[in-house]
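What the coordinates show
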Amino acid sequence: MRVKAFTPTFGQDSPASAFRVRPGFLRELALHPSLYLMVLPGVLFFLIFNYLPMAGLAIAFVDYSPIAPFFGLGSRFVGFENFRFFFTSNDWSRITLNTFYLNTLFISTGLITQMLLAVGLNEMRAQGVKRLSQTLMFLPNFISWTVVSVFSIALFSTNEGLTNKFIMAFGGKTVNFYQTASVWPGLLVALRLWKGAGFGTVIYLSTIAGISQEVYEAATIDGASRMGRIRYVTLPLLKTTTAILLIMSIGGIFNGDLGMIYALIGDNPMLRSTTDVIDTYVYRALRLNNDYGMSAAVGLFQSITGFVFVVGANAIAKKLDSESALF
Amino acid sequence: MRKESLVDRATVAGFTIICALFGLMCLMPLWVALVASFSNEYALIRSGYQIWVNQLDFTSYRLIFSGSDDVLRAYGVTILTTSLGVGTTLFLTALTAFPLSLRSMRYRGAISFFAYFTMLFNGGLVPNYILTVRFLHLKNNLLVLIIPAALNAYNLFLMRNYFQTLPESLAESAKIDGAGDFRIFRSIALPLAKPILATIGLFAAMGYWNEWYRVLLYIDRRNMFTLQFLIMKLQQQVDFLSSSMNPQARQSLGNIPIPTIGIRLATAMVSIGPIVLLYPFLQRYFIGGILIGSVKG
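Helices and strands together make up the secondary structure of chain B, namely 15 helices and zero strands. Against the compact-globule benchmark of 19 Å for 297 residues, chain B has a radius of gyration of 25 Å, which places it well outside the compact range. For chain B, the spread of C-alpha atoms along the principal axes amounts to about 80 × 70 × 35 Å. With 297 residues in all, chain B has 45% of them scored as buried. Of all intrachain contacts in chain B linking residues separated by at least 6 positions in sequence, the fraction that spans at least 24 positions is 72%.

Attention shifts here to the overall build of chain A. Scanning chain A from N- to C-terminus turns up 16 helices and two strands. Seen through its principal axes, chain A has C-alpha atoms that stretch 70 × 60 × 35 Å. With 327 residues in all, chain A has 41% of them scored as buried. Pairs at least 24 apart in sequence give 65% of the contacts found in chain A among residues at least 6 apart.

All right, on to unusual backbone geometry then. All names here are of chain A. Backbone geometry at Phe70 places phi at a positive 55 degrees, although glycine is not the residue there. Relative to the helices and strands, Phe70 is located in the loop between strand E1 (62-63) and strand E2 (76-77). Positive phi values are uncommon outside glycine, yet Asn290 reaches one of about 50 degrees. Relative to the elements of secondary structure, Asn290 occurs in the loop between helix H15 (278-287) and helix H16 (292-320). What makes Asn290 exposed here is the crowd of 11 C-beta atoms within 10 Å.

With 13 residues, helix H8 (residues 153-165) of chain B should reach 18 Å at 1.5 Å per residue; the first-to-last C-alpha distance of 19 Å fits that figure. Taken as a whole, H8(B) has its buried residues at Asn155(B), Leu156(B), Phe157(B), Leu158(B), Met159(B), Arg160(B), Asn161(B), Tyr162(B) and Phe163(B).

Another point: the domain arrangement of chain B. Residue and element names in this part refer to chain B. As assigned here, chain B comprises domain 1 (1-57) and domain 2 (60-297). Computed from C-alpha coordinates alone, the two centres of domain 1 and domain 2 are separated by 31 Å. Counting residues at the interface gives six residues for domain 1 and eight residues for domain 2. Mapped onto the side of domain 1 that touches domain 2, the elements with two or more residues apiece are helix H1 (6-37) and helix H2 (41-47). With four residues, H1 is the single largest residue contributor to the side of domain 1 that touches domain 2. Tallied by class, residues from the side of domain 1 that touches domain 2 come to four nonpolar, one polar and one charged.

Core analysis: the largest hydrophobic core is formed by 161 residues, its most contacted members being Val150(A), Ala154(A), Ala33(B) and Met159(B). The dominant element in this core, judged by the number of residues it contributes, is helix H9 (residues 184-209) of chain A, at 12 residues. Both domain 1 (1-57) and domain 2 (60-297) of chain B contribute no fewer than three residues apiece to this core. Residues contacting Ala154(A), with those up to four places away along its chain left out, are Gly161(A), Leu162(A), Pro29(B), Val32(B), Ala33(B), Ala36(B) and Tyr49(B).

This part is about the confidence of the model for chain B. Scored by pLDDT, chain B comes out at a mean of 87, with 96% of its residues at no less than 70. Per the prediction output, this complex has pTM 0.87; the corresponding ipTM is 0.88.

The next thing to look at is the interface of chain B and chain A. Listed by partner, the interface residues are 94 residues for chain B and 89 residues for chain A. At 19 residues, H1(B) tops the list of elements feeding residues into the side of chain B that touches chain A. Partitioning the side of chain B that touches chain A into residue classes produces 63 nonpolar, 24 polar and seven charged.

Residues and elements named next belong to chain A. In this fold, Ala218 is placed in helix H10 (residues 213-221). Under the C-beta neighbour-count criterion, Ala218 is labelled partly exposed, with 13 such atoms within 10 Å. Taking the C-alpha atoms as reference points, Ala218 and Arg229, separated by 11 residues in sequence, lie 9.8 Å from one another.

A few words now on the confidence of the model for chain A. Residue-level pLDDT values for chain A average 85, and 91% of them are 70 or greater. The model gives residues 1-7 of chain A a pLDDT under 50, and that stretch makes 24 contacts with residues more than four places away or in other chains.

On to the environment of Val215(B). All names here are of chain B. Considering the arrangement of structural elements, one finds Val215 in helix H12 (residues 213-218). For Val215, a count of 25 C-beta atoms within 10 Å corresponds to the buried category. Note: C-alpha distance between Val215 and Val144 (71 residues apart in sequence) is 8.5 Å.

Moving on, we come to the packing of H15(A) against H16(A). Residue and element names in this part refer to chain A. Contact geometry of H15 with H16 gives a least axis separation of 8 Å together with a crossing angle of 160 degrees. Taken together, the axes of H15 and H16 lie roughly antiparallel to each other. Relative to H16, the crossing made by H15 is left-handed. Between H15, through Ile278, Val282, Ala285 and Leu286, and H16, the contact on the second element is made entirely by Tyr292, Met294, Ser295, Val298, Gly299 and Gln302. In terms of residue class, the contact of H15 with H16 is built from seven nonpolar, three polar and no charged.

With that settled, the discussion passes to helix H3 (residues 59-67) of chain B. Those residues of H3(B) lying buried are Thr59(B), Ser60(B), Leu63(B), Ile64(B) and Gly67(B). Buried residues in H3(B), looked at end-on, bunch into an arc of 125 degrees, giving them a common side.

On to the packing of helix H5 (residues 91-123) of chain A against H9(A), then. The relative placement of two packed helices comes down to the angle between their axes together with the axis-to-axis distance. Residues and elements named next belong to chain A. It is the contact of H5 with H9, at a shortest axis distance of 6 Å, that shows an interaxial angle of 45 degrees. It follows that H5 is oblique to H9 by the angle criterion. Taken as a pair, H5 and H9 cross one another with a handedness that is right-handed.

Turning our eyes to something else, we now look at the environment of Ile146(B). All names here are of chain B. Relative to the helices and strands, Ile146 resides in helix H7 (residues 143-146). Overall, Ile146 belongs to the buried group, with 23 C-beta atoms counted inside 10 Å. Each C-alpha atom of the pair Ile146 and Thr88 lies 7.8 Å from the other, and the pair is 58 residues apart in sequence. Excluding its chain neighbours within four sequence positions, the residues that come into contact with Ile146 are Thr81, Leu84, Gly85 and Thr88.

What counts, and where the lines are drawn
Residues numbered from 1 in each chain as written. Chains lettered and ligands numbered in written order. Predicted model: local features only at pLDDT ≥ 70, side-chain atom pairs only at ≥ 80, totals over all residues. Helix = DSSP H or I, 4+ residues; strand = E, 2+ residues; numbered from the N terminus. Rg over C-alpha atoms; globule rule 2.2 N^0.38 Å. Buried ≥ 20, exposed ≤ 12 C-beta atoms within 10 Å, placed from the backbone. Contact = placed C-beta atoms within 7 Å. Expected span 1.5 Å × (residues − 1). Domains from an automatic or database assignment. Nonpolar A, V, L, I, M, F, W, Y, C, P; charged D, E, K, R; others polar. Core = buried A, V, L, I, M, F, W, Y, C linked by C-beta atoms within 7 Å. pLDDT = per-residue confidence, 0-100. Axes fitted to C-alpha atoms, helices over the stretch in contact; angles between N-to-C directions. Parallel < 35°, antiparallel > 145°, perpendicular 65-115°, else oblique. Left-handed = near helix turned anticlockwise from the far one by under 90°. Arc of directions from axis to C-beta.

Structure, rendered in C-alpha cells:
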C-alpha cells in the first residue's frame, strides 16, 4: 500500500492546455448541460471565496483607503512601499524567525512522536490496553484550542496550576508561566503534541499495517530481534510516508498558527518575544491599527513563500526518490 | 510458537508503557478540568487544581444554565450553524464532485485544476476580510459561519475519488433506461457514497462546532456568539458571563461571590460534552476518513 496525501488528477489534459478554450466549447456545454450546471455552484464558490481574495492581494500595492473605489482597491498605487515598510521594521525578522522556529519545532517533534507512537501501538500485545490508549490519544484532536486554553490554565497558572504544585512538591521554585516568554516554545510544542500527535499516528499505522508479514518473518529467521525488525524493516518503510508528510507541512512553514497562539495566550504582550508569529502580527496590524496595506503585503509574502516551498520540497523529494514526491 | 527472548519482551513492555502513558497524559487535562468544574471555587483557589473532587459543588453549572441565557443561546447558535453547515458542505461537495468523476465531461481536468490551485495559493486574511465585510456584507450575519467553510478542494477530491471508484456501468445502464444526470446523481451515486458522506460530514461537523475564529473576525453581537467563542471571551474577560447574571441568580448565591473560574470551566465542559460522549462511537469513521484521503488507489 502506498500512502499519498491525495491524488489530484486532471484528466488527460495537461493543466496548462486545459485553460485554452477550444472550438467546440459551447458544443461541449450543450452536450452535457446538466453536468456543467451541477459544477456551476462549486466553480462560483471557488471564484468568490478563493480567487477574488487572490485578486484582492492587489491591496498590498496601494495605500489603502476605505473610501476609494472598488472596495479600496482603487486607492493610490504605492508599488512596494508596504513591503518596504514591513521588511525595514524591527518586527519582521523577529516574527519571521519565530514563525519559522516554532513551525520547525512543531513539524519535527510531531513527526518523531507520531512515528514512535505508531511503532509502539503496533508492537503492543495487550489488545485492551492498546485500544484504550489509542482511543485516549485520538480524543484531543477533536477539542478546540479555546478549550485547550482552559486546560492550559489549569495546568500552568502560577498559584493554582498543577505543574507548579508538582514543582513545589519536589521543592522547586514556582514558575510564572504566563509571564515568562522563554518557556512558551516548549509549552506550545507540548500542547501541540498533546492535541495532535495521537491522531497523527493514523497514517503511520496504516503504512505499517500494509507491510507484508513475510518481510518480518524473513527478518526473524535471519535472527533479528524485535528492535532489529523495527530498525531494519519498519522504520525504513516509513520513509516515504514521512517525506510526504514533511512536504505537506513545509508549505505552511511561514504560516503561524493564529488559532492556536491567539487562543492560548491572546494578546499577552509579555509573551510576544517568543510567540509572536507572522499571523498574530498581521491580525493585530489589521484589527488594532487598520493597517490593510501592510497586512496584505505580509499575506502575499506568506502565500508566495508557501507556494515556492511546496513546489521546491516536492522537486527535491522527486530527485531523491520519486516515490516520495507528492505530484 | 517460538518463545520470545527477554529483550523482545522488554521491548514490548517498553512500548506498552510509553503508549499507555501518552494515552493517560491525553486524558489528564480533561479530567483535571472536569473535576475542577464540579468543585467549590474557594477550595479551588485555596488548594489549586486537584485530581479528585474535594467539595462537590454544582453552583457553576446551575449558574450557566439558569443565571444567564448566554450559554444556552450559544448552544443554539452552534447547533444551528453546525447542522446547516454540514448540510451545505455535503450538498455542495457532492454536487461539484460528481460531474468531475465522469469521463464523459471534457473540461473536468480544467475544473479540477481550478479547484486544486486554491490549495497551493490563497489570498490571506486581508482580502478575505474585505471580501466578507464590504463585498458580501456578511458582518454580523450567521451565514458567514456557514457558507465560506462549505467547500474546499481537499473534500472535493476525496469525494471525486470516491465517485470514481463506483462502477461506471451503473450509470450507463441508468442512462439507457432514460435517467438524466441529476437523476443518476440523486438515485445512484449519492446512496452509494454514504460512507464518504459520513466521513466528510463528521469532519465538517467538528470544524463548525469548534468555530470561533470567524466569530472573532466577523461577529460582534452577543446573541450570535458560538460556544467556542464564548469560552474565548471568558478566557480574556473572566467576568464576561457573571457581570450580566440575572438578579435572581445573584440572590440565590447569598453573599458568596460568583465563581468565575468555575463558570469558565463548566462552559468548556458543556461545550465539549457532545464530542467526548459521541466520539467513542464515531472513532472508526474518523480513522476511515483519514485513510480514504491518504491511500493512493
